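Residue-level listing of the chains:
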Amino acid sequence: AQKITQTQPGMFVQEKEAVTLDCTYDTSDQSYGLFWYKQPSSGEMIFLIYQGSYDEQNATEGRYSLNFQKARKSANLVISASQLGDSAMYFCARPPAGNNRKLIWGLGTSLAVNP
Amino acid sequence: NAGVTQTPKFQVLKTGQSMTLQCAQDMNHNSMYWYRQDPGMGLRLIYYSASEGTTDKGEVPNGYNVSRLNKREFSLRLESAAPSQTSVYFCASSELGYGYTFGSGTRLTVV
């Protein structure tokens, strides 16, 4: 079965440092995409970044970047210069094979940024 | 502001009561979804609607029904609430599976 694995239930990082959140996935597809979402304590789900498997360069959105390694089937989120407001749950997700409308979700990583 | 609007934000039900969660989006998206989020379980898809007039079951559809009223609105109904349906519910919409936008969530408690 298609699966997304986030192996870090909880992470700590010092303010202003960079942090990498891991995400690995199962797939036999040639074409697919990976999403990352942020969920702060207020509960809303915020779209952060997306990368398609055929994109040649890793996606970047402000302080967020994707370290996409297809051979390892990993799509790690890198947050540079962490801020206190980055403390949240982070979810990795991807569409399953043959259906680009239904996301498969990881269980999330809780990130705490320490001052 | 453009986005997905869910109502209500909070609800407490007694076992056996019914209720409908409302969801509306103003982004002209074709696809809409209902998820539930439980601790340690991540997000699980209850139902989705790929386009107006169609609905399909997700991972955990038992105990729920949905209606895609029009392109904008997708409602979720609990006919006879059970404590196991205590959860946070999210509505979402997307176009061609890219860039899902979520509502702010409904925290439902069934006692």
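These remarks concern the structure in this document. (Residues numbered from 1 in each chain as written. Chains lettered and ligands numbered in written order. Predicted model: local features only at pLDDT ≥ 70, side-chain atom pairs only at ≥ 80, totals over all residues. Heavy atoms only, no water.)

Focus: the environment of Ser42(A)
Residue and element names in this part refer to chain A. Under the convention used in this document: Strands here mean DSSP runs of E at least two residues long; helices mean DSSP runs of H or I at least four residues long; both are numbered from the N terminus. Exposure categories follow from relative accessible area, calculated using a 1.4 Å probe and restricted to protein chains: below 20% of the type maximum is buried, above 50% is exposed, and the middle band is partly exposed. A 3.5 Å cut-off defines polar contacts: any pair of N or O atoms within that distance qualifies, except that in protein one atom must be a possible hydrogen donor and the other a possible acceptor, and neighbouring residues in sequence count only when both atoms are side-chain atoms.
Looking at the element boundaries, Ser 42 is found in the loop between strand 5 (33-39) and strand 6 (46-52). A relative accessible area of 54% places Ser 42 in the exposed class. Sequence separation between Ser 42 and Ala 88 is 46 residues; the distance between their C-alpha atoms is 9.3 Å. In this structure the side chain of Ser 42 is engaged in a polar contact, spanning 2.4 Å, whose partner is the side chain of Glu 44.

Points about the side chain of Ser75(B)
Here is the rule: We call two residues in contact whenever any of their non-hydrogen atoms come within 4.5 Å of each other.
In this fold, Ser75(B) is placed in strand 8 (residues 74-78). Look past the residues within four positions of Ser75(B) in its chain and what remains in contact with it is Thr20(B), Leu21(B), Gln22(B), Trp34(B), Asn65(B), Val66(B), Ser67(B) and Leu69(B).

Remarks on the packing of aromatic side chains
This is how it is decided: Centres within 6.5 Å make a pair out of two Phe, Tyr or Trp rings, where for Trp the six-membered ring is used; the pair is then stacked when the planes are under 30 degrees apart, edge-to-face when over 60, and tilted otherwise.
Across all of its chains, the model carries 19 aromatic pairs over all chains by this definition. Between Phe35(A) and Phe47(A), the ring centres sit 6.3 Å apart and the planes meet at 65°, which makes this aromatic pair edge-to-face. Pair noted here: Phe35(A) is in strand 5 and Phe47(A) is in strand 6, with a separation of 12 residues, a long-range link. Here Phe47(A) falls in the partly exposed class, since its relative accessible area comes to 31%. On the basis of an interplanar angle of 70° and a centroid distance of 5.8 Å, the ring pair of Trp105(A) and Phe102(B) is categorised as edge-to-face. One end of the pair, Trp105(A), is in strand 11 (residues 104-105); the other, Phe102(B), is in strand 10 (residues 98-102), on a second chain. Judged by its relative accessible area of 9%, Trp105(A) is buried.

Describing the pattern of salt bridges
Residues and elements named next belong to chain B. The line we're drawing: Here, a salt bridge means any Lys or Arg side-chain nitrogen found within 4 Å of an Asp or Glu carboxyl oxygen.
Tallied over the full model, the rule gives 4 salt bridges over all chains. Residues Glu 79 and Arg 77 are paired through a salt bridge, measuring 3.1 Å at the closest nitrogen-oxygen approach. Overall, the relative accessible area of 29% leaves Arg 77 in the partly exposed class. Connected through salt bridges with shared partners, the residues Arg 36, Asp 38 and Arg 44 form a single ionic network.

Some words on the interface of chain A and chain B
The line we're drawing: Two parts lose some accessible area (1.4 Å probe) when they are put together, and adding that loss for both gives the buried area.
Contacts between chain A and chain B engage 16 residues on the former and 18 residues on the latter. For the chain A and chain B pair, buried surface summed over both sides reaches about 1500 Å², with 61% attributable to carbon and sulfur atoms. Counting across the chain A and chain B interface gives 0 salt bridges. At the junction of chain A and chain B, the tally comes to 3 residue pairs in polar contact (both at pLDDT 80 or more). Elements with a minimum of two residues in the side of chain A that touches chain B: strand 5 and strand 6 of chain A.

Here we look at the pairing of strand 8 of chain B
Stated precisely, the cut-off is as follows: Strands are labelled as partners when DSSP assigns at least two bridges between them.
Among the 5 residues of strand 8 of chain B, 4 are classified as buried, and the element is accordingly described as predominantly covered. Where strand 7 (residues 64-68) of chain B hands over to strand 8 of chain B, the hairpin turn is made up of 5 residues, counted between the paired strands.

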